[in-house]
Amino acid sequence: MPTTPESHLLKHRAELQSGLLRWYRRNRRPLPWRLDPSVYRTVVSEFMLQQTQVKTVLPYFERWQAKFPDFESLASACEDDVLKQWEGLGYYSRARNLHRLAKAIVAKPVLPDAAKDWRELPGVGPYTAAAITSIAFGKLEACVDGNVVRILARLTADATHHGDGAAAAKYFTPLASLLLSPSSPGDHNQAMMELGATVCHRRDPLCRCCPLAQWCAATKSGSTEDFPKLQPKEIEHRSVTRAWVVKDGALLLHRSSPRARRLANLHELPTATHLEIDEQSLDARDLLARRKRGITRYLITESIYRISLSEQLRLGDSLVWISFGDLQSIALSGPHRRWITEILAMQAADKRNKILPSK
DNA sequence: AAGCCGGGGTC
DNA sequence: GACCCAGGCTT
(Lines give C-alpha, C1' and ligand atoms only; values in the text may rest on other atoms or scores of the structure.)
Protein backbone atom coordinates (compact mmCIF):
# COMPACT_ATOMS: atom_id res chain seq x y z
CA MET A 1 0.00 0.00 0.00
CA PRO A 2 1.54 3.33 -1.10
CA THR A 3 2.20 6.05 1.43
CA THR A 4 0.05 9.09 0.60
CA PRO A 5 0.85 12.62 1.86
CA GLU A 6 -2.38 12.39 3.81
CA SER A 7 -1.48 9.16 5.61
CA HIS A 8 1.96 10.62 6.36
CA LEU A 9 0.28 13.58 8.07
CA LEU A 10 -2.03 11.34 10.06
CA LYS A 11 0.87 9.17 11.17
CA HIS A 12 2.58 12.23 12.65
CA ARG A 13 -0.63 13.85 13.79
CA ALA A 14 0.35 14.25 17.46
CA GLU A 15 3.71 15.88 16.67
CA LEU A 16 2.07 18.14 14.10
CA GLN A 17 -0.56 19.27 16.62
CA SER A 18 1.92 20.00 19.38
CA GLY A 19 4.29 21.80 17.00
CA LEU A 20 1.44 23.93 15.69
CA LEU A 21 0.16 24.79 19.17
CA ARG A 22 3.63 25.62 20.46
CA TRP A 23 4.15 27.94 17.49
CA TYR A 24 0.75 29.57 18.06
CA ARG A 25 1.35 30.29 21.74
CA ARG A 26 4.59 32.01 20.87
CA ASN A 27 3.51 33.89 17.76
CA ARG A 28 -0.17 34.74 17.93
CA ARG A 29 -1.11 38.36 17.40
CA PRO A 30 -2.62 40.11 20.44
CA LEU A 31 -6.06 40.63 18.86
CA PRO A 32 -8.79 42.18 21.02
CA TRP A 33 -11.09 39.15 20.79
CA ARG A 34 -8.20 36.99 22.07
CA LEU A 35 -7.01 39.29 24.87
CA ASP A 36 -10.49 39.63 26.34
CA PRO A 37 -12.56 36.73 24.99
CA SER A 38 -16.28 36.10 25.41
CA VAL A 39 -18.96 34.34 23.41
CA TYR A 40 -20.30 37.66 22.18
CA ARG A 41 -16.90 39.02 21.16
CA THR A 42 -16.10 35.76 19.38
CA VAL A 43 -19.38 35.96 17.44
CA VAL A 44 -18.89 39.62 16.47
CA SER A 45 -15.30 39.04 15.38
CA GLU A 46 -16.23 36.00 13.28
CA PHE A 47 -18.99 37.91 11.48
CA MET A 48 -16.70 40.84 10.75
CA LEU A 49 -13.92 38.51 9.61
CA GLN A 50 -16.06 36.82 6.96
CA GLN A 51 -14.24 37.70 3.73
CA THR A 52 -12.51 40.57 5.48
CA GLN A 53 -8.92 40.85 6.70
CA VAL A 54 -7.97 41.27 10.35
CA LYS A 55 -6.38 44.67 9.77
CA THR A 56 -9.59 46.03 8.24
CA VAL A 57 -11.73 44.65 11.05
CA LEU A 58 -9.75 45.99 14.03
CA PRO A 59 -11.10 49.59 14.18
CA TYR A 60 -14.65 48.41 13.46
CA PHE A 61 -14.46 45.82 16.23
CA GLU A 62 -13.41 48.38 18.84
CA ARG A 63 -16.11 50.87 17.82
CA TRP A 64 -18.71 48.10 17.78
CA GLN A 65 -17.84 46.97 21.32
CA ALA A 66 -18.15 50.53 22.60
CA LYS A 67 -21.59 50.92 21.02
CA PHE A 68 -22.97 47.35 21.41
CA PRO A 69 -21.05 45.66 24.28
CA ASP A 70 -23.25 42.54 24.53
CA PHE A 71 -26.06 40.55 22.87
CA GLU A 72 -28.70 42.50 24.81
CA SER A 73 -27.57 45.95 23.70
CA LEU A 74 -27.27 44.79 20.11
CA ALA A 75 -30.67 43.09 20.18
CA SER A 76 -32.37 46.24 21.44
CA ALA A 77 -30.64 48.57 18.95
CA CYS A 78 -32.44 49.82 15.85
CA GLU A 79 -31.26 48.56 12.49
CA ASP A 80 -30.24 52.00 11.26
CA ASP A 81 -27.74 52.29 14.13
CA VAL A 82 -26.45 48.78 13.41
CA LEU A 83 -25.93 49.54 9.72
CA LYS A 84 -24.30 52.86 10.58
CA GLN A 85 -21.70 51.06 12.72
CA TRP A 86 -21.05 48.66 9.82
CA GLU A 87 -20.65 51.47 7.28
CA GLY A 88 -17.58 50.87 5.11
CA LEU A 89 -17.04 47.20 6.06
CA GLY A 90 -19.05 45.93 3.09
CA TYR A 91 -21.25 42.85 2.64
CA TYR A 92 -23.94 44.55 4.68
CA SER A 93 -26.15 41.47 5.03
CA ARG A 94 -23.62 40.40 7.68
CA ALA A 95 -24.67 43.32 9.89
CA ARG A 96 -28.36 42.58 9.42
CA ASN A 97 -27.79 38.87 10.11
CA LEU A 98 -25.73 39.62 13.24
CA HIS A 99 -28.53 41.90 14.48
CA ARG A 100 -31.12 39.17 13.85
CA LEU A 101 -28.83 36.63 15.55
CA ALA A 102 -28.56 38.81 18.68
CA LYS A 103 -32.35 39.04 18.88
CA ALA A 104 -32.63 35.25 18.52
CA ILE A 105 -29.98 34.61 21.19
CA VAL A 106 -31.63 36.97 23.69
CA ALA A 107 -34.95 35.19 23.13
CA LYS A 108 -33.46 31.77 23.94
CA PRO A 109 -33.61 30.38 27.52
CA VAL A 110 -29.99 29.17 27.28
CA LEU A 111 -26.99 30.02 25.12
CA PRO A 112 -26.55 27.22 22.54
CA ASP A 113 -23.19 25.44 22.59
CA ALA A 114 -23.58 22.92 19.75
CA ALA A 115 -22.48 23.69 16.19
CA LYS A 116 -25.73 22.39 14.73
CA ASP A 117 -27.71 24.85 16.88
CA TRP A 118 -25.54 27.82 15.89
CA ARG A 119 -25.82 26.72 12.27
CA GLU A 120 -29.57 27.44 12.47
CA LEU A 121 -28.94 31.11 13.24
CA PRO A 122 -28.83 33.76 10.48
CA GLY A 123 -25.42 34.40 8.94
CA VAL A 124 -23.87 31.29 10.52
CA GLY A 125 -22.60 28.74 8.00
CA PRO A 126 -20.31 25.73 8.45
CA TYR A 127 -17.20 27.82 9.08
CA THR A 128 -18.68 30.29 11.56
CA ALA A 129 -20.48 27.55 13.54
CA ALA A 130 -17.20 25.62 13.87
CA ALA A 131 -15.28 28.75 14.85
CA ILE A 132 -17.73 29.90 17.52
CA THR A 133 -18.26 26.52 19.13
CA SER A 134 -14.61 25.44 19.09
CA ILE A 135 -13.25 28.76 20.35
CA ALA A 136 -15.95 29.69 22.86
CA PHE A 137 -17.10 26.22 24.00
CA GLY A 138 -14.14 23.90 23.27
CA LYS A 139 -16.15 21.77 20.85
CA LEU A 140 -14.40 19.38 18.45
CA GLU A 141 -15.35 21.22 15.26
CA ALA A 142 -12.77 21.90 12.54
CA CYS A 143 -12.70 25.33 10.91
CA VAL A 144 -12.05 25.27 7.17
CA ASP A 145 -11.56 28.76 5.76
CA GLY A 146 -9.35 30.03 2.97
CA ASN A 147 -6.26 29.81 5.19
CA VAL A 148 -6.89 26.20 6.18
CA VAL A 149 -7.58 25.19 2.57
CA ARG A 150 -4.26 26.70 1.53
CA ILE A 151 -2.33 24.94 4.30
CA LEU A 152 -3.95 21.53 3.76
CA ALA A 153 -3.60 21.71 -0.02
CA ARG A 154 0.12 22.41 0.43
CA LEU A 155 0.72 19.87 3.22
CA THR A 156 -0.72 17.18 0.93
CA ALA A 157 0.31 18.74 -2.44
CA ASP A 158 -3.21 17.83 -3.51
CA ALA A 159 -3.61 18.82 -7.17
CA THR A 160 -7.39 18.50 -7.26
CA HIS A 161 -8.98 21.46 -9.06
CA HIS A 162 -11.75 23.29 -7.21
CA GLY A 163 -14.38 25.54 -8.78
CA ASP A 164 -14.34 27.97 -5.86
CA GLY A 165 -13.30 28.34 -2.25
CA ALA A 166 -16.50 26.80 -0.94
CA ALA A 167 -15.95 23.62 -2.94
CA ALA A 168 -12.35 23.46 -1.74
CA ALA A 169 -13.43 23.93 1.89
CA LYS A 170 -15.89 21.08 1.59
CA TYR A 171 -13.22 18.90 0.02
CA PHE A 172 -10.70 19.47 2.83
CA THR A 173 -13.13 19.25 5.78
CA PRO A 174 -12.59 15.51 6.44
CA LEU A 175 -8.81 15.97 6.64
CA ALA A 176 -9.14 19.08 8.80
CA SER A 177 -11.33 17.11 11.20
CA LEU A 178 -8.83 14.24 11.39
CA LEU A 179 -5.99 16.63 12.20
CA LEU A 180 -7.88 18.66 14.81
CA SER A 181 -6.25 18.58 18.22
CA PRO A 182 -8.71 16.90 20.61
CA SER A 183 -7.30 18.63 23.67
CA SER A 184 -7.54 22.25 22.43
CA PRO A 185 -9.63 22.51 19.25
CA GLY A 186 -10.19 26.26 19.61
CA ASP A 187 -6.49 27.07 19.74
CA HIS A 188 -5.77 24.53 17.01
CA ASN A 189 -8.30 26.18 14.67
CA GLN A 190 -7.00 29.65 15.44
CA ALA A 191 -3.42 28.42 15.02
CA MET A 192 -4.15 27.09 11.52
CA MET A 193 -5.77 30.36 10.47
CA GLU A 194 -3.02 32.43 12.08
CA LEU A 195 -0.41 30.34 10.28
CA GLY A 196 -2.20 30.89 6.97
CA ALA A 197 -2.49 34.62 7.56
CA THR A 198 1.06 35.29 8.77
CA VAL A 199 3.29 32.51 7.35
CA CYS A 200 1.62 30.36 4.69
CA HIS A 201 0.97 33.32 2.38
CA ARG A 202 -0.65 32.87 -1.00
CA ARG A 203 2.60 34.04 -2.59
CA ASP A 204 6.11 33.90 -1.12
CA PRO A 205 5.17 31.81 1.93
CA LEU A 206 7.67 31.95 4.82
CA CYS A 207 8.39 28.22 4.88
CA ARG A 208 11.58 28.76 6.89
CA CYS A 209 9.42 29.96 9.78
CA CYS A 210 6.70 27.32 9.40
CA PRO A 211 6.24 24.81 12.24
CA LEU A 212 4.66 22.37 9.75
CA ALA A 213 7.30 22.60 7.00
CA GLN A 214 8.84 19.27 7.92
CA TRP A 215 5.56 17.53 7.03
CA CYS A 216 4.71 19.66 3.99
CA ALA A 217 4.75 17.85 0.64
CA ALA A 218 4.61 21.11 -1.36
CA THR A 219 7.56 22.61 0.53
CA LYS A 220 9.53 19.42 -0.09
CA SER A 221 9.04 19.76 -3.86
CA GLY A 222 9.39 23.57 -3.91
CA SER A 223 5.87 23.99 -5.31
CA THR A 224 3.98 25.73 -2.52
CA GLU A 225 2.52 28.40 -4.79
CA ASP A 226 0.95 25.75 -7.02
CA PHE A 227 -1.56 24.93 -4.28
CA PRO A 228 -4.46 25.11 -3.84
CA LYS A 229 -5.68 24.87 -7.41
CA LEU A 230 -8.65 27.21 -7.68
CA GLN A 231 -10.38 28.28 -10.86
CA PRO A 232 -9.84 32.00 -11.51
CA LYS A 233 -12.93 34.17 -11.77
CA GLU A 234 -13.90 35.84 -15.04
CA ILE A 235 -14.02 39.59 -14.52
CA GLU A 236 -17.13 41.27 -15.90
CA HIS A 237 -17.23 45.00 -16.63
CA ARG A 238 -20.37 46.96 -15.84
CA SER A 239 -21.24 50.62 -15.83
CA VAL A 240 -23.71 52.56 -13.71
CA THR A 241 -24.93 56.12 -14.14
CA ARG A 242 -25.82 58.03 -10.99
CA ALA A 243 -27.45 61.35 -10.30
CA TRP A 244 -26.46 64.23 -8.04
CA VAL A 245 -29.66 66.14 -7.39
CA VAL A 246 -29.79 69.00 -4.87
CA LYS A 247 -32.78 70.97 -3.59
CA ASP A 248 -32.89 73.44 -0.68
CA GLY A 249 -29.64 72.24 0.92
CA ALA A 250 -30.60 68.57 0.63
CA LEU A 251 -29.24 65.73 -1.52
CA LEU A 252 -31.50 63.19 -3.20
CA LEU A 253 -30.65 59.61 -2.19
CA HIS A 254 -32.10 56.20 -2.90
CA ARG A 255 -32.83 53.88 0.01
CA SER A 256 -32.84 50.19 -0.86
CA SER A 257 -35.80 48.17 0.38
CA PRO A 258 -35.37 45.88 3.39
CA ARG A 259 -35.80 42.92 1.03
CA ALA A 260 -33.26 44.09 -1.53
CA ARG A 261 -30.49 41.62 -2.38
CA ARG A 262 -27.84 44.23 -1.85
CA LEU A 263 -27.42 47.24 0.39
CA ALA A 264 -30.76 46.53 2.10
CA ASN A 265 -31.87 49.62 4.06
CA LEU A 266 -28.74 51.53 3.05
CA HIS A 267 -28.64 54.84 1.20
CA GLU A 268 -26.88 55.40 -2.12
CA LEU A 269 -26.75 58.00 -4.86
CA PRO A 270 -29.75 57.23 -7.08
CA THR A 271 -29.11 55.62 -10.47
CA ALA A 272 -30.50 56.89 -13.77
CA THR A 273 -32.85 53.92 -13.62
CA HIS A 274 -34.19 54.93 -10.19
CA LEU A 275 -35.01 58.37 -11.61
CA GLU A 276 -36.22 57.07 -14.99
CA ILE A 277 -33.68 59.27 -16.72
CA ASP A 278 -32.60 58.49 -20.28
CA GLU A 279 -28.81 58.17 -20.11
CA GLN A 280 -28.50 59.39 -23.71
CA SER A 281 -29.85 62.78 -22.68
CA LEU A 282 -27.01 63.48 -20.23
CA ASP A 283 -24.51 66.22 -21.04
CA ALA A 284 -20.79 65.47 -20.57
CA ARG A 285 -20.41 68.94 -19.03
CA ASP A 286 -22.53 67.76 -16.09
CA LEU A 287 -20.23 64.81 -15.25
CA LEU A 288 -19.10 65.42 -11.66
CA ALA A 289 -17.03 62.26 -11.13
CA ARG A 290 -16.21 58.91 -12.68
CA ARG A 291 -14.92 56.14 -10.44
CA LYS A 292 -14.02 52.48 -10.86
CA ARG A 293 -14.34 49.86 -8.18
CA GLY A 294 -14.48 46.11 -7.90
CA ILE A 295 -16.73 43.73 -6.01
CA THR A 296 -16.35 39.96 -6.29
CA ARG A 297 -16.08 39.33 -10.04
CA TYR A 298 -17.32 42.72 -11.22
CA LEU A 299 -15.43 45.80 -12.23
CA ILE A 300 -17.93 48.64 -12.11
CA THR A 301 -17.51 52.08 -13.60
CA GLU A 302 -19.74 54.62 -11.89
CA SER A 303 -20.45 58.00 -13.51
CA ILE A 304 -22.08 60.69 -11.40
CA TYR A 305 -23.94 63.48 -13.22
CA ARG A 306 -25.32 66.73 -11.89
CA ILE A 307 -29.04 66.68 -12.61
CA SER A 308 -31.25 69.73 -12.17
CA LEU A 309 -34.57 69.16 -10.53
CA SER A 310 -37.38 69.43 -13.03
CA GLU A 311 -41.02 68.56 -13.41
CA GLN A 312 -40.01 65.54 -15.47
CA LEU A 313 -38.08 63.92 -12.64
CA ARG A 314 -40.15 61.12 -11.16
CA LEU A 315 -39.46 60.56 -7.45
CA GLY A 316 -40.70 57.20 -6.19
CA ASP A 317 -41.09 56.05 -2.58
CA SER A 318 -37.53 54.81 -2.34
CA LEU A 319 -36.10 58.29 -2.95
CA VAL A 320 -35.45 60.54 0.05
CA TRP A 321 -34.07 64.05 0.56
CA ILE A 322 -31.24 64.16 3.09
CA SER A 323 -30.04 67.58 4.20
CA PHE A 324 -26.27 68.06 3.99
CA GLY A 325 -26.18 68.41 7.77
CA ASP A 326 -27.78 64.99 8.20
CA LEU A 327 -25.50 63.12 5.80
CA GLN A 328 -23.21 62.08 8.67
CA SER A 329 -25.97 60.28 10.52
CA ILE A 330 -27.27 58.00 7.76
CA ALA A 331 -25.74 54.74 6.58
CA LEU A 332 -24.05 54.71 3.17
CA SER A 333 -21.76 52.17 1.57
CA GLY A 334 -18.05 53.03 1.78
CA PRO A 335 -17.69 54.14 -1.86
CA HIS A 336 -20.83 56.27 -1.75
CA ARG A 337 -19.60 57.95 1.43
CA ARG A 338 -16.30 58.75 -0.28
CA TRP A 339 -17.85 60.04 -3.50
CA ILE A 340 -20.21 62.37 -1.70
CA THR A 341 -17.38 63.70 0.46
CA GLU A 342 -15.20 64.21 -2.62
CA ILE A 343 -17.88 65.99 -4.62
CA LEU A 344 -18.74 68.29 -1.72
CA ALA A 345 -15.04 69.11 -1.28
CA MET A 346 -14.72 69.79 -5.01
CA GLN A 347 -17.69 72.13 -4.97
CA ALA A 348 -16.42 73.92 -1.89
CA ALA A 349 -13.07 74.45 -3.64
CA ASP A 350 -14.80 75.81 -6.76
CA LYS A 351 -16.71 78.23 -4.60
CA ARG A 352 -13.51 79.50 -2.94
CA ASN A 353 -11.89 79.95 -6.33
CA LYS A 354 -14.75 82.14 -7.47
CA ILE A 355 -14.54 84.32 -4.39
CA LEU A 356 -10.73 84.43 -4.32
CA PRO A 357 -9.61 83.88 -7.93
CA SER A 358 -6.15 82.37 -8.18
CA LYS A 359 -3.47 84.63 -9.67
C1' DA B 1 -23.65 23.83 -7.85
C1' DA B 2 -23.26 28.28 -9.28
C1' DG B 3 -23.97 33.34 -8.71
C1' DC B 4 -24.22 36.99 -5.95
C1' DC B 5 -22.76 40.15 -2.19
C1' DG B 6 -21.63 45.60 -5.60
C1' DG B 7 -15.67 45.87 0.16
C1' DG B 8 -11.16 46.39 0.71
C1' DG B 9 -6.14 45.11 1.03
C1' DT B 10 -1.96 43.36 -1.28
C1' DC B 11 1.48 42.10 -4.38
C1' DG C 1 -5.01 44.42 -12.47
C1' DA C 2 -5.39 39.92 -10.34
C1' DC C 3 -6.16 37.54 -6.47
C1' DC C 4 -7.37 36.91 -1.77
C1' DC C 5 -9.69 37.62 2.70
C1' DA C 6 -11.46 33.82 9.88
C1' DG C 7 -18.10 32.92 4.04
C1' DG C 8 -23.14 32.83 3.70
C1' DC C 9 -27.31 33.22 1.09
C1' DT C 10 -30.25 32.66 -2.96
C1' DT C 11 -31.76 30.38 -6.91
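This text follows the structure it describes.
Residues numbered from 1 in each chain as written. Chains lettered and ligands numbered in written order. Predicted model: local features only at pLDDT ≥ 70, side-chain atom pairs only at ≥ 80, totals over all residues. Heavy atoms only, no water.

**Q** Give me the lowdown on the packing of helix α5 (residues 54–67) against helix α7 (residues 79–86), citing residues and values where you can.
**A** At a minimum axis separation of 10 Å, α5 and α7 run at an interaxial angle of 155 degrees. Taken together, the axis directions place α5 and α7 in an arrangement best described as roughly antiparallel. For the pair α5 and α7, contact is made by Tyr-60, Arg-63, Trp-64 and Lys-67 and by Val-82, Gln-85 and Trp-86, respectively. Split by residue class, the contact of α5 with α7 holds 4 nonpolar, 1 polar and 2 charged. (Axes fitted to C-alpha atoms, helices over the stretch in contact; angles between N-to-C directions. Helix = DSSP H or I, 4+ residues; strand = E, 2+ residues; numbered from the N terminus. Parallel < 35°, antiparallel > 145°, perpendicular 65-115°, else oblique. Contact = heavy atoms within 4.5 Å. Nonpolar A, V, L, I, M, F, W, Y, C, P; charged D, E, K, R; others polar.)

**Q** Explain the protein's contact with DNA strand B to me, and be specific about the residues and the numbers.
**A** The environment of DNA strand B is made up of 28 residues, and the closest members are Arg-242, Arg-262, Leu-263, Arg-293 and Tyr-298. For DNA strand B, the backbone makes up 62% of the atoms found within 4 Å of the protein, where backbone means sugar plus phosphate. Within the backbone of Leu-263, a nitrogen or oxygen atom sits 2.6 Å from a phosphate oxygen of DNA strand B. Those elements that provide at least two residues to the surface near DNA strand B are α5, β3 (236–244), β7 (287–295), β8 (298–306) and α16 (334–355). Looking at the surface near DNA strand B, the element that brings in the most residues is α16, giving 3 residues. (Near = heavy atom within 4 Å. Polar contact = N/O pair within 3.5 Å; in protein donor to acceptor, adjacent residues only side chain to side chain.)

**Q** Can you explain the protein's contact with DNA strand C? Please cite residues and give values.
**A** Close to DNA strand C lie 26 residues, the nearest being Gln-51, Thr-128, Asp-145, Arg-150 and Arg-202. In DNA strand C, the atoms that sit within 4 Å of the protein are 69% sugar and phosphate, with bases accounting for the remainder. Arg-261 has a polar side-chain atom sitting 3.5 Å from a sugar or linking oxygen of DNA strand C. Every element with two or more residues in the surface near DNA strand C is listed here: α3 (32–35), α10 (126–137), α11 (146–156) and α13 (185–198). Residues of the surface near DNA strand C, tallied by class, amount to 10 nonpolar, 9 polar and 7 charged.

**Q** I'd like to hear about the packing of α11 against helix α12 (residues 165–179), residue by residue, with values.
**A** Where α11 contacts α12, the two axes come as close as 10 Å, and the packing angle between them is 75 degrees. Accordingly, the angle class assigned to the pair α11 and α12 is roughly perpendicular. Facing α11, whose interface residues are Val-148, Val-149, Leu-152, Ala-153 and Thr-156, α12 presents Ala-168, Ala-169, Phe-172, Leu-175, Ala-176 and Leu-179. Its residues assigned to classes, the contact of α11 with α12 comprises 10 nonpolar, 1 polar and no charged.

**Q** Which residues make up the pattern of salt bridges, and what values go with them?
**A** All chains considered together, the criterion is met by 17 salt bridges. For the salt bridge of Glu-302 with Arg-242, the shortest nitrogen-to-oxygen distance reads 2.5 Å. Remark: Arg-242 occurs in strand β3 and Glu-302 occurs in strand β8; sequence separation between them is 60 residues. Judged by its relative accessible area of 6%, Arg-242 is buried. A salt bridge links Glu-342 to Arg-291; the nearest nitrogen and oxygen atoms lie 2.6 Å apart. Of the two residues, Glu-342 is situated in helix α16 and Arg-291 in strand β7; the sequence distance between them amounts to 51 residues. Residue Glu-342 is classed as partly exposed on the basis of its relative accessible area, which comes to 32%. Accessibility expressed as a relative area gives 29% for Arg-291, which makes it partly exposed. (Salt bridge = Lys/Arg side-chain N within 4 Å of Asp/Glu carboxyl O. Buried < 20%, exposed > 50% of the residue type's maximum accessible area, 1.4 Å probe, protein only.)

**Q** Help me get a handle on the packing of aromatic side chains, residues and values and all.
**A** Summed over all chains, the structure comprises 5 aromatic pairs. Aromatic side chains Trp-64 and Phe-68 sit 4.9 Å apart centroid to centroid with 65 degrees between the ring planes, which places their arrangement in the edge-to-face category. Seen in terms of ring centroids, Tyr-171 and Phe-172 are 4.9 Å apart; in terms of plane orientation they differ by 85 degrees. Their pairing is edge-to-face. Judged by relative accessible area, which is 38%, Tyr-171 ranks as partly exposed. Given a relative accessible area of 2%, Phe-172 falls into the buried group. Aromatic ring contacts, followed pair by pair, group Trp-64, Phe-68 and Trp-86 into a single cluster. Here Arg-63 stacks its cationic end above the ring of Tyr-60, 4.7 Å away from the centre of that ring. Stacked on the ring of Phe-227, the Lys or Arg Lys-229 has its end atom at 5.2 Å from the ring centre. (Phe/Tyr/Trp six-rings, centres within 6.5 Å; stacked < 30°, edge-to-face > 60°. Lys NZ or Arg CZ within 6 Å of the ring centre and 35° of its normal.)

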